[in-house]
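So the chains spell out like this:
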Amino acid sequence: MIKTEHLTYTYGIGTPFEITAIEDINIHIEKGDYVGVIGHTGSGKSTLISHFNAILKPTSGRILIDGHDLWSEEKKTRIQTRFDVGLVFQYPEHQLFEETVYKDIAFGPKNMGLSGEEIDKRVKKALDFVGLSRSILEKSPFDLSGGQKRRVAIAGVMALEPKVLILDEPAAGLDPRGRDEILSRIRDYHRETRSTVLLVSHSMEDISRNTNSILVMNHGRCAMHASVSEVFDRTEELIQMGLDVPHITKVFIALQEKGYPVSRNVYTIEQGKAELMRLLGKDGDQHA
Amino acid sequence: MAKIIEVSQLSFSYPEEDGNPSSPALHDVSLDIEEGEFLAILGHNGCGKSTLAKHFNGLLKAESGSVKVMNMDASEEQNLLEIRRNVGMVFQNPDNQLIATVVDEDVAFALENLGVPYPEMVQRVDEALELVGMTKYRHHAPHRLSGGQKQRVAIAGVLAMRPRCIVLDEPTAMLDPQGRREVMKTIRRLNREQGITVVLITHYMDEAVQADRVVVMGEGEIILDGTPREVFQNVGLLHSLSLDVPQTAELMFALRQEDIKVPIAVLSVEECLEVLEKMLGGAKK
Amino acid sequence: MLKDVTIGQFFPGNSFVHRLDPRMKLLLTLLYVVALFLVPDFWGFLVIGALMGLVVAFSGISLRVVFRGLKSLIFIIVFTAFFNILYGGGEPLFPGISWLGWLKAEGVRNALFMIIRIILLILGTSYLTYTTSPVMLTDAMERLFRPLKVLRIPVHELAMMMTIALRFIPTLIDETDKIINAQKARGADFETGNIVRRARALVPILIPLLISAFRRAEELADAMECRCYHGGEGRTRYKVYSFSWRDWVALALMLAALSLIILMVIF
């Protein structure tokens, strides 16, 4: 679906602030995958994803969406790419501008030149995906709560019905309720549309709970790109890159190092509990 | 110990907008904060925790009930300057609280307002920057700093007033893990080493467990108040308030649902390891 | 990109020019502008140019940076030149070629004169802002213009407003970039269509930007109150300025140049 070849991007060429944000990235993201993207601040995550919908032009290297080289073909390809690859930036509620929620969500589909009927269908569908009720469609987006605004903004991108949906820290700044709500909506969206989804996050918990594979960025390079369990298997490396590993993972790694036959790849409560129950069940009646 | 902030039976509601009557943001809240303690306030968005915090230094005035800071009534206009000098406040978005275009000039802002004479001002700016570990960046422009660094500058700007208490309203919500660690380390050190009272409003459980005392708010009221260990006993209640619980406590909670007898309020990796080892006993291979 | 605008930017440093007292720099810039407008002929520009050369040499900021900033002003420069050529009198420059009859010697001379003057003007004021932090600059203004308080002009408030504006310009520029990208991601098109269409395309940028500015202003007001801001009354200042030998040297040079130019005007 998305393929990069030696993708490199340098900011501010020729100024004192010149900095290479990403270097020699070669990745291949499969159609229908749900990919978590992690990395410390300044590791190049945001720069990388801004290439996927042609907001940034690579300094060198190529980027292919569905086999099309974005920058060797004519401009029309890139405009189409904006609709094929939906990008939700950080704090997307800051982009809301219309008088009503309906109009704001319809902004993208309208730019695509769709018919009124199709736009209407898409607005309602997107609203359902983010779990908001139809009654807010005629409200001003600025009268909504923070979490609701965020969801309207995400719906505005979902309404493009992109083949790939990329979200840059969609839960940043929300409380646990808002975070869980949004992440579970995105999970449902992925399952129902079978589209490719990329989730950028600092939270290993959020990533491990949601995605199928993980892309780890470190100092502008792609450090790992593998399944969730393969990546979490390399905990020490992740910690060295300045990333936070879930507490529960740390507990199980320590247990294993103390000689208990447990898996190192535990990153959710459910997995941890199952692992412990297995151990207890095998061994003993002492607690049963 | 002396009480630095005393809130009694405080109620407050925001003025209604466009005919949408607002439900009370705070309802009959009473809370005493001891000098030198590290208090964390938890609660989902809109539960009234920021509204409460804004009463601690007179940004909002009590509708009914009272707020006293160091025995001064926070609703009296003539006390405000003295209260604000003693109760500093740091907000969520570091970009929107830095006033000057150079770090040290920003730190000096409060001192200029207070009319501190020049030689003392320089000394206090140096001291504040040192306390947050930003001395190296004193001549930098704030907008070129990382989020964590900006937030530390904001803390220094408050520290320069030599306050007895600092109230931080979700200071880490917009930061990455690295920035969060920096800010938390700074806050902890100020509390332990400088004896400054800290009130930390947060969503992050790993931050709350570092406090001496945790207050949980919901719908404008205080629901729980105790040590982290006491508060995190109530996993079910916290879940019903849509709040997180430290993962280790969450694991214990899950085990207890299977009738395994483990303590609930297990708050650190080390503690959790100890409990699990005891539980597993001879399960080593 | 919006970020390429260098006009009005400050480059921190520790050079001779950086260390001049901001009040002196402001005064020198005023004198410089006066001198520049007194210049009677091209020889005068040599004097000003030499002065500017010293500033460049002792500021540690290369001319290249300034010229990158000039690019955005090229329109004004070309515009001025165009009108000077068009309305200049005198003999045709190429008497033999009839279709170049509008190109008159006087006009070309005037145009050249104006271009040099504008460039020198931009150079001088640019180096003031490049080497003086905006806060110092507004500070200096507040102090130099303090006497105006007698006329009930709110000098402190104006200076504070300027400081805050300067502090938030980079933040709002970043924000604008982000909003543009976010709307582009929803297929907004800012590059095609006639003027009306393009103007309308700005709405999705301007409204979020305005809202963000209001939100920031509100939060900033709270933060300022928390830090005991209560107007200009009883304030002390963090920056204390005193003139050093550098300031007197700079002033002497400036006065020498100004005298030279006045002499040129008289004789």
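Rules used throughout
- Residues numbered from 1 in each chain as written.
- Chains lettered and ligands numbered in written order.
- Predicted model: local features only at pLDDT ≥ 70, side-chain atom pairs only at ≥ 80, totals over all residues.
- Heavy atoms only, no water.
- Domains from an automatic or database assignment.
- Contact = heavy atoms within 4.5 Å.
- Buried area = accessible area lost by both parts, 1.4 Å probe.
- Salt bridge = Lys/Arg side-chain N within 4 Å of Asp/Glu carboxyl O.
- 1 Å grid on protein atoms, 1.4 Å probe; cavity = no way out; pocket = protein on both sides within 12 Å on 5 of 7 lines; lining within 4 Å.
- Points joined across faces, edges and corners; volume = space filled by probe spheres on them.
- Helix = DSSP H or I, 4+ residues; strand = E, 2+ residues; numbered from the N terminus.
- Nonpolar A, V, L, I, M, F, W, Y, C, P; charged D, E, K, R; others polar.
- Buried < 20%, exposed > 50% of the residue type's maximum accessible area, 1.4 Å probe, protein only.
- Polar contact = N/O pair within 3.5 Å; in protein donor to acceptor, adjacent residues only side chain to side chain.
- Core = buried A, V, L, I, M, F, W, Y, C linked by side-chain atoms within 4.5 Å.
- pLDDT = per-residue confidence, 0-100.

**Structural notes on the domain arrangement of chain C**
The parts lose accessible area when they come together, and the size of an interface is often stated as this lost area. Here chain C is partitioned into domain 1 (1-132 + 239-267) and domain 2 (152-236). Between the C-alpha centres of domain 1 of chain C and domain 2 of chain C there is a distance of 31 Å.

**Side note on the interface of chain B and chain A**
In this assembly, 35 residues from chain B lie in contact with 36 residues from chain A. Together, the buried faces of chain B and chain A total about 3400 Å²; carbon and sulfur atoms form 62% of this surface. At the junction of chain B and chain A, the tally comes to 3 salt bridges. A salt bridge links Arg179 of chain A to Asp244 of chain B, with the shortest nitrogen-to-oxygen separation between them at 2.9 Å.

**Examining empty space enclosed by the protein**
Applying the stated rule across the entire model yields 4 cavities of 30 Å³ or more. Estimated volume of the largest cavity: approximately 200 Å³. Along its surface, the largest cavity is lined by 17 residues, and Glu112 of chain B together with Val135, Thr163, Arg235 and Arg237 of chain C are the ones closest to its centre. Elements represented by at least two residues in the lining of the largest cavity include exactly helix 4 (109-114) of chain B together with helix 6 (134-144) and helix 7 (155-185) of chain C. Here the lining of the largest cavity is built from residues that sort into 7 nonpolar, 3 polar and 7 charged.

**Here we look at the side chain of Asn191 of chain B**
Residues and elements named next belong to chain B. Positionally, Asn191 belongs in helix 7 (residues 177-194). Under the relative-accessibility criterion, Asn191 is labelled buried at 6%. A polar side-chain atom of Asn191 sits 3.2 Å from the main-chain carbonyl oxygen of Gly36.

**Describing the interface of chain C and chain B**
Contacts between chain C and chain B engage 32 residues on the former and 39 residues on the latter. At the boundary of chain C with chain B, total buried surface from both sides reaches about 3200 Å², with 56% on carbon and sulfur atoms. The three residues of chain C that bury the most area against chain B are Arg167, Arg227 and Tyr238 of chain C, which together make up 30% of that side's buried surface. Across the contact surface, chain C and chain B share 5 salt bridges. The partner of Arg237 of chain C in a salt bridge is Glu112 of chain B, and the shortest N-O contact between them spans 3.5 Å. The interface formed by chain C and chain B includes 16 residue pairs in polar contact (both at pLDDT 80 or more). Breaking the side of chain C that touches chain B down by element, the ones donating at least two residues are helix 6, helix 7 and helix 9 (203-226) of chain C.

**With respect to the nonpolar core**
Residues and elements named next belong to chain B. Ile155, Leu159, Ile187, Val216 and Phe232 are the most contacted members of the largest nonpolar core, which has 55 residues in total. In terms of residues, this core owes the most to one element, helix 6 (residues 147-159), which gives 6 residues. Not counting chain neighbours up to four residues away, the residues in contact with Leu159 comprise Ala128, Leu131, Val132, Ile166, Leu190 and Ile196. In this structure, Leu10, Cys47, Leu59 and Cys165 belong to the second largest nonpolar core, which totals 35 residues.

**Describing the confidence of the model for chain C**
When pLDDT is averaged along chain C, the result is 84; 95% of the residues meet or exceed 70. Here the predicted complex scores 0.83 on pTM and 0.88 on ipTM.

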